[in-house]
Amino acid sequence: MKKSVIAIAVPVVAAALIVLPAGYFGQVTETTLKNRMANMPYGFQMELKDYRRGWFSSTARLEWEPLGGLLMPGLGPRGPLPDAALTDLPSAIDMLVSGPIAIDIEIAHGPVFFAVEPGVGLFHARGRVDLGNQATDGEEDPADNYMEFYVSSFSGATVDNRLEIPAAEAEFGPMAVNLAGAALEGEWTGPESFQLQHVALGTMEMSIGVAETGVRIAISDLESSTEFPQGLEGGAILSPSQATSSLGEILVESSEGDTVFRMTGLSSEDATSPEEDGTYRADSDATIESLEVLGREFAPIEIRQTVGGLSEESLLKLLAALSGGIVEPPAAPLEPEENPQGPSATPPGLPVPAGMPQLSGDMQEAVLAVLADGPYADISADLTYRGEHTLRFDVHYAFESELAPATAEEMSLVGILSGLEYTMDAEIPIPAAEELFGQGIIQLGLMQGLLQRIETTYTVSVALQNGMLSINGIPMMPPPAVPGAAPPPG
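Conventions we followed
Residues numbered from 1 in each chain as written. Predicted model: local features only at pLDDT ≥ 70, side-chain atom pairs only at ≥ 80, totals over all residues. Heavy atoms only, no water. Salt bridge = Lys/Arg side-chain N within 4 Å of Asp/Glu carboxyl O. Buried < 20%, exposed > 50% of the residue type's maximum accessible area, 1.4 Å probe, protein only. Helix = DSSP H or I, 4+ residues; strand = E, 2+ residues; numbered from the N terminus. Core = buried A, V, L, I, M, F, W, Y, C linked by side-chain atoms within 4.5 Å. Axes fitted to C-alpha atoms, helices over the stretch in contact; angles between N-to-C directions. Parallel < 35°, antiparallel > 145°, perpendicular 65-115°, else oblique. Left-handed = near helix turned anticlockwise from the far one by under 90°. Contact = heavy atoms within 4.5 Å. Nonpolar A, V, L, I, M, F, W, Y, C, P; charged D, E, K, R; others polar. Pairing = 2+ DSSP bridges. Patch = residues over 30% accessible without salt bridge, like charges linked within 9 Å, V, L, I, M, F, W, Y side chains within 5 Å. Areas by Shrake-Rupley, 256 points an atom, 1.4 Å probe, with all protein chains shown as cover. Phe/Tyr/Trp six-rings, centres within 6.5 Å; stacked < 30°, edge-to-face > 60°. Lys NZ or Arg CZ within 6 Å of the ring centre and 35° of its normal. Expected span 1.5 Å × (residues − 1).

A.B. asks: Is there a simple way to explain the pattern of salt bridges in this structure?
C.D. replies: When the charged atoms of two side chains lie near each other, side chains of opposite charge can form a pair. A full pass over the atoms with the stated rule returns 14 salt bridges. Note that E47 and K49 form a salt bridge whose closest N and O atoms lie 3.7 Å from each other. Relative accessible area serves as the criterion here: at 45%, K49 is assigned to the partly exposed category. Put simply, D104 and R61 hold a salt bridge, and the shortest N to O gap is 2.7 Å. Of the two residues, D104 sits in strand β3 (residues 101-109) while R61 sits in strand β2 (residues 57-64), which places them 43 residues apart along the sequence. Looking at R61, the relative accessible area reads 34%, which means it is partly exposed.

A.B. asks: When you look at the nonpolar core in this model, what are you seeing that I'm missing?
C.D. replies: General note: in soluble globular proteins, nonpolar side chains tend to be found buried as a group. Core analysis: the biggest nonpolar cluster contains 58 residues, and M37, M46, I105 and F149 have the highest contact counts within it. No other element matches the six residues that strand β9 (residues 175-188) contributes to this core. Grouped together as the second largest cluster of nonpolar side chains are seven residues, L371, F399, A408 and I416 included.

A.B. asks: Which parts of the structure should I look at to understand the packing of helix α4 (residues 312-324) against helix α5 (residues 361-372)?
C.D. replies: Packed helices, taken two at a time, are described by their axes: the angle between them and the distance between them. It is at 8 Å that the axes of α4 and α5 come closest, and there the two elements cross at 160°. With respect to their mutual orientation, α4 and α5 come out roughly antiparallel. By crossing handedness, the relation of α4 to α5 is classed as left-handed. Here α4 contributes S314, K317, L318, A321 and L322 to the contact with α5, which in turn contributes D362, M363, E365, A366, A369 and V370. Among the residues forming the contact of α4 with α5, the class breakdown is seven nonpolar, one polar and three charged.

A.B. asks: Looking at this structure, how should I read the pairing of β9?
C.D. replies: It is a general feature of regular strands that their side chains alternate between the two faces of the sheet. Strand direction decides the pairing type here: strand β8 (residues 159-172) and β9, joined by 13 bridges, are antiparallel. Residue pairing across strands places I165 opposite A182, the latter belonging to β9. Connecting β8 to the next strand, β9, in antiparallel fashion are two residues, including G173 with a positive phi near 60°. As defined by bridge partners, β9 adjoins strand β10 (residues 194-208) across 13 bridges and the pair is classed as antiparallel. Along β10, the bridge assignment pairs A176 with S207.

A.B. asks: What exactly am I supposed to notice about the pairing of β8 here?
C.D. replies: Both strand β7 (residues 146-153) and β8 contribute to a ladder of six bridges, which runs antiparallel. Pairing of E148 across the sheet is with E164, part of β8. Counting the residues that bridge the hairpin from β7 to β8 gives five residues, and of these G156 lies at a positive phi of roughly 100°.

A.B. asks: Would you mind showing me how to read a nonpolar patch on the surface here?
C.D. replies: Among the surface-exposed residues, V260, V293 and L294 lie close enough to one another that they form a single nonpolar patch of about 240 Å² accessible area. As for its placement among the helices and strands, L294 is situated in the loop between β14 (280-293) and β15 (296-310). Note on L294: relative accessible area 62%, which makes it exposed.

A.B. asks: Looking at this structure, how should I read the packing of aromatic side chains?
C.D. replies: What describes a pair of aromatic rings is the distance from one ring centre to the other and the angle between the planes of the rings. All told, the structure shown has four aromatic pairs when counted by the stated rule. The interplanar angle of 85° and the centroid separation of 5.3 Å between the aromatic rings of W188 and F194 together place this pair among those described as edge-to-face. Relative accessible area serves as the criterion here: at 0%, W188 is assigned to the buried category. By relative accessible area, which is 1% here, F194 ends up buried. An aromatic cluster is built from W188, F194 and F228, whose rings are joined through pairwise contacts. Its end group placed over the ring of Y150, R162 keeps NZ or CZ at 4.4 Å from the ring centre.

A.B. asks: What should I look at first to understand α5 in this one?
C.D. replies: The α-helix advances 3.6 residues per turn, and as a result positions three or four apart in sequence lie on the same side. Spanning 12 residues, α5 covers 17 Å between terminal C-alpha atoms, matching the ideal 16 Å at 1.5 Å per step. Of all the positions in α5, only M363, Q364, A366, L368, A369 and L371 are classed as buried. As for α5, its buried residues are in contact with α4, β17 (358-359), β19 (389-399) and α6 (413-419). Looking one or two residues past α5, G374 carries a phi angle of roughly 70°, positive in sign.

A.B. asks: What am I meant to see in the environment of E313 here?
C.D. replies: Its place among the elements puts E313 in helix α4. For E313, a relative accessible area of 61% corresponds to the exposed category.

A.B. asks: Would you mind going over unusual backbone geometry with me for this structure?
C.D. replies: Residues other than glycine predominantly adopt negative phi, and peptide bonds predominantly adopt the trans conformation. With an omega of 15°, the peptide bond running from G110 to P111 counts as cis. Take P111: it is sitting in the loop between β3 and β4 (112-113). In this structure, P300 follows A299 across a cis peptide bond, with omega equal to -5°. Considering the arrangement of structural elements, one finds P300 in strand β15.

Function cannot be read off these values alone, since they describe shape.
Right, dumping it as structure tokens:
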């Protein structure tokens, strides 16, 4: 008798251990999911708008605004494209990306779950969102334009999420897009920091324009992984990181099938690190197996670059300004009686030609913030032409942060040029230059001093320092006049 009681009690107790905590696991799942979705990098954050808790499974709605609303904001909810979009590509893109995308998911929570898929752990969720803009009448199958969304955690400490796009086809006026095999993955190994991001793209094809003048763009085998050893806070852009990227091919063809541009075998290693002044620098080493431009082939190519003077605050300010609009529309001319200062009066800030739009106030403030960080870059590239001629390019630019304007009213093109330092040096073997540019252009460049011949190469050196432009050491533009300074002699 006792053995039979024990035999019955054991499965009952086991069942209780599985069933009774299920409600508690649903509560923990809601909190964990909410925190992790808000803790994604800038542009990928998701908001938990609705959560309906069940005993063994729950449902939730997430809302995601791609790129944080950076592209074409404030155009209302997603909906069918207007007829105007058939001839107005920007309007079509506006409507595509405006408003948040809703993702409805079903969540199975542990300790043992069978909904969604069998397993053990805290939770596993899966959802699907239709990317099409047109609703079906219920009798037809939905279009295959959708994303599949997965998020799971065994313990709650480590959480993984994955967005997949098995296939997507769309037309936006003169542009058609065919996307297959795209995925975006993220991982948290702690409760508050995003640790790893992985992006993969199988193929994407775009056709732009009409048959006679259009182009076809194809991208294949894109993959990128970024690790943040110290974590990346929600909504952040910069943090110490290491990344590796690769790209199989980018191909641009004319409507007649001629190759305009083709690049294969891109691979790069990148690192972002903090500097002593609190800004960040990014270093990158990249190689390209082959590059073909209008029938000219370069293989291989090596590119090294360092970009610095980057701060989280100024970059976020710049992105916010971009989302609000880069320029202000030109103001309508005032009537004489309403314009006592005359038609020559201009608003404060960076002067622009009459009738041209001016940078918005937010954009001017963002530019000031970027300049105050003292941005700089060093880029060098070696390209081998036809397997035997090496072309070398070196570019450097830097802005002196102490010369950054304090206010938008003080910002001017002359002032910006005064604080900018720019150099570019190029070296091209003579046989390669003759094939790439032709004798006519080369002779014209030599006559005008734009090119120099040094032994077996042509060289060009451009420098902008203290507002003065020089080419091959010959001044081309005098330094800008400083208000209040005495005029130059002579």
